[in-house]
Amino acid sequence: MPWMRHALLLARTAVGRASPNPAVGAVLVKDGQVIGRGATQAPGGPHAEIVALRAAGEAPRGSTLYVTLEPCCHHGRTPPCTEAIIAAGVAEVHIATLDPNPAVSGRGRAALEAAGIRTVLGEGEEAARALIAYHRKYITTGLPLVIAKFAASLDGKVATRTGHSQWITGPAAREYAHRVRARVDAILVGVNTVLADDPQLTARPGGRLVRRQPLRVVVDSRGRTPPQAQVLRGPGQALVAVTAQAPPDRLRALREAGAEVVVLPSDGDKVDVLALLRELGRREQASVLVEGGSTLLGSLFDRGLVDQVLAFFALLLIGGRDALPAVGGLGAATLAEALRLERVQVRRLGNDLLVSGWAAER
């Protein structure tokens, strides 16, 4: 019986909801039957193992636990899961992957084995690691996982030479993008995108607003975001990242419009994107979807700060040397310096293509 597959399905339901904690699923099995199951709840709530143990009531003694991530053995927002597993009399624990958190990694498994509980490691490991990619980046670096997303023509243009850009891709691609928005902690755009498109930046899969909205972040060195911009209106929160160059009256207008304004160090005449990511990490924003524009994406690629790429391509050619490219910035000087992707997947979305992949280590 594929019990670990069941646990992985449960873990997927926690992606986005559990952040910055990892998305974890757990299934308790006894005599060939599921007696408890659970997924990690929002921060401060119980972990997947505790949800499953509570669902099982008095039955866990002698059972087998299948869990997608090594049970924690330290006090955080909640008590250690290892202590609850040991106290419940669980006989065996199957762990998909070890916890990347330095406070746990390997110690949770060791605590279980020291209590006489047999452990099995590695079943479903690749899928489990993919589900917690954001947590791995955040817990080991303090920075959010950065997902660069753009919609472009086959020749890499995101707008025509006149600035016309809506819509390059079709409904299926836009629906997919909304599902991604619903799973991340924050969405970043540059101020030029706000000025050109006036986006809402809300997560609306299926045309319906999800309850947990990502933080909307505008990177705007001089505070040019209009106070009436849709991105500043709810639901959810909006943050405008500026530099000391932004005039105080503009900052005051943005705050009066409901935005939080944070002043960050500059990189030339722009917001220092690494300083921004550090600030978001400090706020426990473990995953960030960067939706443009060209200048912001270029800054992140130039600094080597992109972890994953979601490139939507419409089957059309725009052409023109003055048409806006998807990624600006300085770019690579040689092909050897160009960012290469690994673990690449290509899929069809309506009349468009989605190419997704992870930045290879340089």
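Residues numbered from 1 in each chain as written. Predicted model: local features only at pLDDT ≥ 70, side-chain atom pairs only at ≥ 80, totals over all residues. Heavy atoms only, no water.

### Some thoughts on the sheet that holds strand β8 (residues 215-219)
Taken together, 9 strands build an open sheet; the order of strands is β10-β9-β8-β7-β13-β6-β14-β16-β15 and the sheet is mixed. The strands lining the two open edges of the sheet, one partner per strand, are β10 (260-263) and β15 (341-349). With strand direction ignored, the average angle separating the axes of adjacent strands in the sheet is 20°. Pairing between strand β6 (residues 145-153) and strand β14 (residues 308-314): 7 bridges, direction parallel. Residue pairing in the sheet places I147 in a bridge with Q308 of β14. The sheet contacts of helix α6 (residues 133-141) involve β6, β13 (287-290) and β16 (352-359), and relative to β6 the element is tilted by about 130°. (Pairing = 2+ DSSP bridges. Helix = DSSP H or I, 4+ residues; strand = E, 2+ residues; numbered from the N terminus. Axes fitted to C-alpha atoms, helices over the stretch in contact; angles between N-to-C directions. Contact = heavy atoms within 4.5 Å.)

### What about a nonpolar patch on the surface?
There is a patch of nonpolar side chains on the surface, built from L154, L315 and L317 and spanning about 320 Å² of accessible area. Its location among the elements puts L317 in the loop between β14 and β15. (Patch = residues over 30% accessible without salt bridge, like charges linked within 9 Å, V, L, I, M, F, W, Y side chains within 5 Å. Areas by Shrake-Rupley, 256 points an atom, 1.4 Å probe, with all protein chains shown as cover. Salt bridge = Lys/Arg side-chain N within 4 Å of Asp/Glu carboxyl O.)

### A few points about the sheet that holds strand β4 (residues 92-95)
Spatially, the 5 strands line up as an open sheet ordered β2-β1-β3-β4-β5, and their pairing is mixed. Edge strands, defined here as strands with exactly one partner in the open sheet, are β2 (33-39) and β5 (118-121). Between one strand axis and the next, the sheet turns through 15° on average, direction left out of account. Bridging between strand β1 (residues 25-30) and strand β3 (residues 64-67) involves 4 bridges; their strand directions are antiparallel. Across the sheet, A26 pairs through a bridge with V67, a residue of β3.

### What about helix α2 (residues 48-56)?
Listing the buried residues of α2 in full gives A48, E49, I50, A52, L53 and A56. For α2, the secondary structure elements touched by its buried residues are β1, β2, β3 and α3 (81-88). Taken from the residues just after α2, G57 is the one with a positive phi, measuring 65°. (Buried < 20%, exposed > 50% of the residue type's maximum accessible area, 1.4 Å probe, protein only.)

### Concerning the confidence of the model for the chain
A residue-level look at the chain finds 99% of positions with pLDDT of 70 or above and a mean pLDDT of 92. Put simply, helix α8 (residues 191-197) is where the chain has its lowest mean pLDDT, 91, and β13 is where it has its highest, 98. (pLDDT = per-residue confidence, 0-100.)

### Considering the packing of α3 against helix α4 (residues 107-114)
Packing of α3 against α4 leaves a shortest axis separation of 10 Å and a crossing angle of 20°. Overall, the two elements α3 and α4 adopt an arrangement that is roughly parallel. For α3 against α4, the interelement crossing comes out right-handed. Across from T82, I85 and I86 in α3, the residues of α4 making contact are G108, A111 and L112. In terms of residue class, the contact of α3 with α4 is made up of 4 nonpolar, 2 polar and no charged. (Parallel < 35°, antiparallel > 145°, perpendicular 65-115°, else oblique. Left-handed = near helix turned anticlockwise from the far one by under 90°. Nonpolar A, V, L, I, M, F, W, Y, C, P; charged D, E, K, R; others polar.)

### Thoughts on the environment of A359
Along the chain, the position of A359 falls in strand β16. For the pair A359 and A196, spaced 163 residues apart in sequence, the C-alpha to C-alpha distance is 29 Å. Apart from the residues lying within four places of it in its own chain, the contact partners of A359 are V306, D307, L339, R340, L341 and E342.

### Concerning the nonpolar core
Within the largest apolar cluster, 50 residues are counted, with the highest numbers of intra-cluster contacts made by V218, V231, L232, V240 and F312. Non-local contacts of L232, meaning those with residues more than four positions away in its chain, are made with R216, T225, P226, P227, A238, V240, L254, A257 and A259. Membership of the second largest hydrophobic core comes to 33 residues, among which are L215, A241, L274 and V309. (Core = buried A, V, L, I, M, F, W, Y, C linked by side-chain atoms within 4.5 Å.)

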